[in-house]
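# Observations on chain architecture
Chain by chain, the residues run as shown.
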Amino acid sequence: MPFSSPPNPKNYAAKVYELVRAIPAGRVMAYGHIAVFILPPLEMDPGQYLRLSPRWVGQAMANCPDDAPWQRVINSQGKVSPRPGYGPMMQRSLLEQEGVIFDDKERVDFEQYGWVPERAWLVEHGFVAPPPEDDEPPQPALF
DNA sequence: TCCTTGACTCAGA
DNA sequence: CTCTGAGCCAAGG
């Protein structure tokens, strides 16, 4: 419930989980990175969505189903944000079991392990609008 | 009623 | 590179 919430929290969380489930083993995404692929509410200012959405994702992940790979979601600095009840070591070891390497500052390199969903997947699952014919697709910018 | 507390991120120092 | 503060707001003690 931190810092406002989406108009439809349940629906927003469902989108988050859907995307999280698509992250392959050994790869990671940041909260804010996930938010970029979820369309903001129509009447919401895009700038405001950019500010708030990472916490919306965090809020959703707090209630993430155990059968979803919640460990593959980390913060934008490449560090793990411990899930309450599990502790930081749990998340780190889960990722290491998938082959993710942490550097000496406990961080993951996005260049190497960061993951971006295929456009076809996004379209198929309703995350972005289909490209307007032969025009440049509205691919969200990475960090 | 007031104060604390959130799986966040980015710019600036 | 690390550390701070701002942005923002609802629920519980």
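Scroll up to find the structure.
Quick summary incoming for the structure in this document. All values reported here derive from a predicted model rather than from experimental measurement.

Further remarks concern the pattern of salt bridges. For the structure shown, the criterion picks out seven salt bridges. For the salt bridge of Glu 98 with Arg 72, the shortest nitrogen-to-oxygen distance reads 2.8 Å. With Glu 98 in the loop between helix H4 (88-97) and helix H5 (110-113) and Arg 72 in the loop between helix H3 (46-62) and strand E2 (73-74), this residue pair connects regions lying 26 residues apart in the sequence. In this structure, Glu 96 engages Arg 92 in a salt bridge whose closest nitrogen and oxygen atoms are separated by 2.9 Å. One end of the pair is Glu 96 and the other is Arg 92, both in helix H4 and four residues apart, which spans about a single turn. Note on Arg 92: relative accessible area 24%, which makes it partly exposed. Each of Arg 92, Glu 96 and Glu 106 takes part in one network of salt bridges that share partners.

Looking now at the protein's contact with DNA strand C. Close contacts around DNA strand C come from Phe 3, Ser 4, Arg 51, Leu 52, Arg 55, Lys 105 and Arg 107, and that covers them all. Note that a base nitrogen of DNA strand C is positioned 3.3 Å from one of the side-chain N or O atoms of Arg 55. For the surface near DNA strand C, a count of residues per class yields two nonpolar, one polar and four charged.

Turning our attention to the protein's contact with DNA strand B. Neighbouring DNA strand B are 21 residues; Phe 3, Tyr 31, Gly 32, Arg 55 and Ser 76 lie closest to it. Protein-adjacent atoms of DNA strand B, using a 4 Å cutoff, are sugar or phosphate at a proportion of 43%. A distance of 2.3 Å is found between a base nitrogen of DNA strand B and a side-chain nitrogen or oxygen belonging to Tyr 31. The backbone of Ala 62 places a nitrogen or oxygen atom 3.4 Å from a base nitrogen of DNA strand B. Listing elements by their share of the surface near DNA strand B, those giving two or more residues are helix H2 (31-36) and H3. A total of five residues in the surface near DNA strand B trace back to one element, the largest contributor, which is H3. For the surface near DNA strand B, the class distribution of residues is 13 nonpolar, six polar and two charged.

A separate point is helix H1 (residues 9-22). For H1, built from 14 residues, the straight-helix expectation of 20 Å at 1.5 Å per residue is met to within 8% by its first-to-last C-alpha distance of 20 Å. Within the span of H1, buried status applies to Tyr 12, Ala 13, Val 16, Tyr 17, Leu 19 and Val 20. Projection of H1 onto a plane perpendicular to its axis shows the buried side chains occupying an angular sector of 165 degrees, all on one side.

What follows concerns the nonpolar core. Judged by nonpolar contacts, the single largest core of 27 residues is most densely connected at Tyr 12, Val 16, Ile 34, Val 57 and Met 61. Listed by contribution, the elements that provide at least two residues to this core are H1, H2 and H3. No other element matches H1, which puts six residues into this core. Those residues in contact with Tyr 12, other than ones at most four positions away along the chain, are Pro 6, Ala 35, Ile 38, Tyr 49, Ser 53, Trp 56 and Val 57. By size, the runner-up hydrophobic cluster in this structure holds eight residues, among which are Ile 74, Leu 95, Val 100 and Tyr 113.

Rules behind the numbers
Residues numbered from 1 in each chain as written. Chains lettered and ligands numbered in written order. Predicted model: local features only at pLDDT ≥ 70, side-chain atom pairs only at ≥ 80, totals over all residues. Heavy atoms only, no water. Salt bridge = Lys/Arg side-chain N within 4 Å of Asp/Glu carboxyl O. Helix = DSSP H or I, 4+ residues; strand = E, 2+ residues; numbered from the N terminus. Buried < 20%, exposed > 50% of the residue type's maximum accessible area, 1.4 Å probe, protein only. Near = heavy atom within 4 Å. Polar contact = N/O pair within 3.5 Å; in protein donor to acceptor, adjacent residues only side chain to side chain. Nonpolar A, V, L, I, M, F, W, Y, C, P; charged D, E, K, R; others polar. Expected span 1.5 Å × (residues − 1). Arc of directions from axis to C-beta. Core = buried A, V, L, I, M, F, W, Y, C linked by side-chain atoms within 4.5 Å. Contact = heavy atoms within 4.5 Å.

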